[in-house]
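Topology and contacts: notes
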Amino acid sequence: MTELLQQDLKHVWHPFTQHQLWPGDEPIIIERAEGNWLVDTEGRRYLDGVSSLWCNVHGHRKRELDEALEEQLGRVAHSTMLGLSNVPAIELAAKLAAIAPEGLTKVFYSDSGSTAVEVALKMAYQYQQLAGRPKKRRLAALVDAYHGDTLGSVSVGGMSLFHARFRDLVFPVERVPVSLAAVERLFTDRATELAAFVVEPLVQGAAGMLLQPPGWLKAVEQLCRKHDVLLVCDEVATGFGRTGTMFAVEQEEVRPDFLCLAKGLTGGYLPLAATLTTQRVFEAFLGSAAEQKTFFHGHTYTGNPLACAVALANLELFEKEHTLERMQPAMKALAEGLEPIAALPNVAEVRRCGFMVGIELEGYVAAERTGFEVCRAARKHGVLLRPLGDVVVLMPPLSLTVDEAKLLTRTVCACIQAL
Ligand SMILES: *Cc1c(COP(=O)(O)O)cnc(C)c1O
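Owing to the predicted nature of the structure, the values given are computational and were not obtained by experimental measurement. (Residues numbered from 1 in each chain as written. Predicted model: local features only at pLDDT ≥ 70, side-chain atom pairs only at ≥ 80, totals over all residues. Heavy atoms only, no water.)

**Notes on the sheet that holds strand S1 (residues 30-34)**
Read from one edge of the open sheet, four strands run S1-S2-S3-S15, paired in mixed fashion. At either end of the open sheet lies a strand with only one pairing partner, and these are S1 and strand S15 (383-384). Relative to strand S2 (residues 37-40), S1 is paired through four bridges, and the arrangement is antiparallel. Within the sheet, the bridge partner assigned to Ile 30 lies in S2 and is Asp 40. (Pairing = 2+ DSSP bridges. Helix = DSSP H or I, 4+ residues; strand = E, 2+ residues; numbered from the N terminus.)

**Quick notes on the layout of surface pockets**
Where empty space is left becomes clear once a probe the size of a water molecule has been rolled over the atoms. In this structure, the second largest pocket encloses a volume near 550 Å³. As for the second largest pocket, its lining consists of 21 residues, of which Val 107, Phe 108, Met 123, Phe 282 and Phe 295 are closest to the centre. Sorting the residues of the lining of the second largest pocket by element identifies strand S4 (104-110), strand S12 (273-278) and helix H10 (279-284) as the ones contributing at least two each. Among the elements that take part in the lining of the second largest pocket, S4 stands out by supplying five residues, more than any other. Residues of the lining of the second largest pocket, tallied by class, amount to 12 nonpolar, eight polar and one charged. (1 Å grid on protein atoms, 1.4 Å probe; cavity = no way out; pocket = protein on both sides within 12 Å on 5 of 7 lines; lining within 4 Å. Points joined across faces, edges and corners; volume = space filled by probe spheres on them. Nonpolar A, V, L, I, M, F, W, Y, C, P; charged D, E, K, R; others polar.)

**What to know about the packing of aromatic side chains**
How two aromatic rings sit relative to each other is given by the distance of their centres and the angle of their planes. Taken as a whole and assessed by the stated rule, the structure comprises six aromatic pairs. On the basis of an interplanar angle of 80 degrees and a centroid distance of 5.3 Å, the ring pair of Phe 108 and Phe 295 is categorised as edge-to-face. In this pair, Phe 108 sits in strand S4 while Phe 295 sits in the loop between H10 and helix H11 (305-320), placing the two residues 187 residues apart along the sequence. When the centroid spacing of 6.0 Å and the interplanar angle of 85 degrees are considered together, the rings of Phe 285 and Phe 295 count as edge-to-face. Here Phe 285, found in the loop between H10 and H11, pairs with Phe 295, found in the loop between H10 and H11; they are 10 residues apart in sequence, far enough to count as distant. You'll find Phe 285 and Phe 295 in the same group, each marked buried. Members of the aromatic cluster, each reached through a chain of ring pairs, are Phe 16, Tyr 146 and Phe 162. Across from the ring centre of Phe 282, 4.0 Å away, lies the NZ or CZ of Lys 106, which sits over that ring. Sitting over the face of the ring of Phe 372, Arg 369 holds its NZ or CZ atom 4.2 Å from the ring centroid. (Phe/Tyr/Trp six-rings, centres within 6.5 Å; stacked < 30°, edge-to-face > 60°. Buried < 20%, exposed > 50% of the residue type's maximum accessible area, 1.4 Å probe, protein only. Lys NZ or Arg CZ within 6 Å of the ring centre and 35° of its normal.)

**Observations concerning the domain arrangement of the protein chain**
Once the domains are mapped, the protein chain shows domain 1 (3-58 + 324-417) and domain 2 (66-320). One C-alpha centre belongs to domain 1, the other to domain 2, and the line joining them spans 27 Å. Contacts between the two partners involve 26 residues from domain 1 and, on the opposite side, 27 residues from domain 2. Around 2100 Å² of area is buried between domain 1 and domain 2 when both sides are counted, 70% of it from carbon and sulfur atoms. Between the two partners, domain 1 and domain 2, sit 10 residue pairs in polar contact (both at pLDDT 80 or more). Listing elements by their share of the side of domain 1 that touches domain 2, those giving two or more residues are helix H2 (51-54), strand S13 (347-353), strand S14 (356-361) and strand S16 (391-394). Classifying every residue of the side of domain 1 that touches domain 2 by side-chain character gives 19 nonpolar, five polar and two charged. (Domains from an automatic or database assignment. Contact = heavy atoms within 4.5 Å. Buried area = accessible area lost by both parts, 1.4 Å probe. Polar contact = N/O pair within 3.5 Å; in protein donor to acceptor, adjacent residues only side chain to side chain.)

**Some points on the packing of helix H3 (residues 63-73) against H11**
Running from N to C, H3 and H11 cross one another at 150 degrees; their axes reach a closest spacing of 9 Å. As H3 packs across H11, the resulting crossing turns out to be right-handed. For the pair formed by H3 and H11, the contact residues are Glu 64, Leu 65, Ala 68, Leu 69, Gln 72 and Leu 73 on the first element and Pro 305, Leu 306, Ala 309, Val 310, Ala 313, Asn 314, Leu 317 and Lys 320 on the second. Residues belonging to the contact of H3 with H11 are distributed by class as follows: 10 nonpolar, two polar and two charged. (Axes fitted to C-alpha atoms, helices over the stretch in contact; angles between N-to-C directions. Left-handed = near helix turned anticlockwise from the far one by under 90°.)

As structure tokens, then:
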């Protein structure tokens, strides 16, 4: 065992990790990266098959992103947004407003997907009170929702494995399945109490890449309008090209009241999140100091200039490199490579939306950690993956080449076959 690994085992507590198993799981220590490939301390190369947990976009060590960071470092690394502003944060807000669905003109920064959701929930709750609807105090969310790990986002989350333990600590939420009839019933019965409905649009990521039927989100938007329920779309996973369009809501021509962004916002470089909302919501918070309508929320590193500078460069790359068009051939190769996987006897279903893929294995019990075993086998073939239970997830960077798409699907097919 290397000294570094010894130090890891001695001092580091990893997220979402059972440490009794971790030492036996042949931990890999990443030292550097090139493009879509990660390199460990032994010099072994791995295709980054889950975009370093769903956030990398244009590959690692992308020259334009490195340069944007270096340039900003030459000016200032951090200065607060509380009572001050900074150049990259302003420029990024303008850029986000320009590319987001119409009407989302206001940008509130924070640091992670969880906080992006927390901000939307608190804003929606306060908004309803300021707008003279004080009875609207409850939130609705989907069965098996995942919106992050802080307590507000855990409250709207609905995954029992992660969330049941904290039941006594969280606030109650109206929970509905992905069914229009269920949403309609809930709104008809309870709309006078509902402040907002929170959804992951098109794909429920952490639940196992569950896809919503076409037209569902659009119909939900219409129900929200009809019943004065604010629509919060959590695009932390689906944003920035992951589903094939810049934002998933574009595919349903939906204009949410809140759009939560994080993961891909900085191209996978630095922690940064943004909660976008409308002029209407923003204006409800205006008033004299005595009126106490202020949104009292903010984090120390909110609007960090380094993170905003690299996010801006990330968005410029989408335009300069025509990322959304250029990913089409790899997307096609990915879809084709998934066909033989879907035909395997131990695969229940393959779900895909753009570059988000879930391969659901069938016939295993959770304790066997079969999803993990597939990913462990894939490492031996130079592919890094992380499963969601018995769902093998493929979530490559948008810069994936056709050859890499073939390598990815061929490897996973072989590893599932070998079970
Ligand atoms: C990952 C994720 C989050 C949480 O983001 P963090 O940056 O990990 O806090 C929230 N919502 C969705 C849909 C996610 O996939």
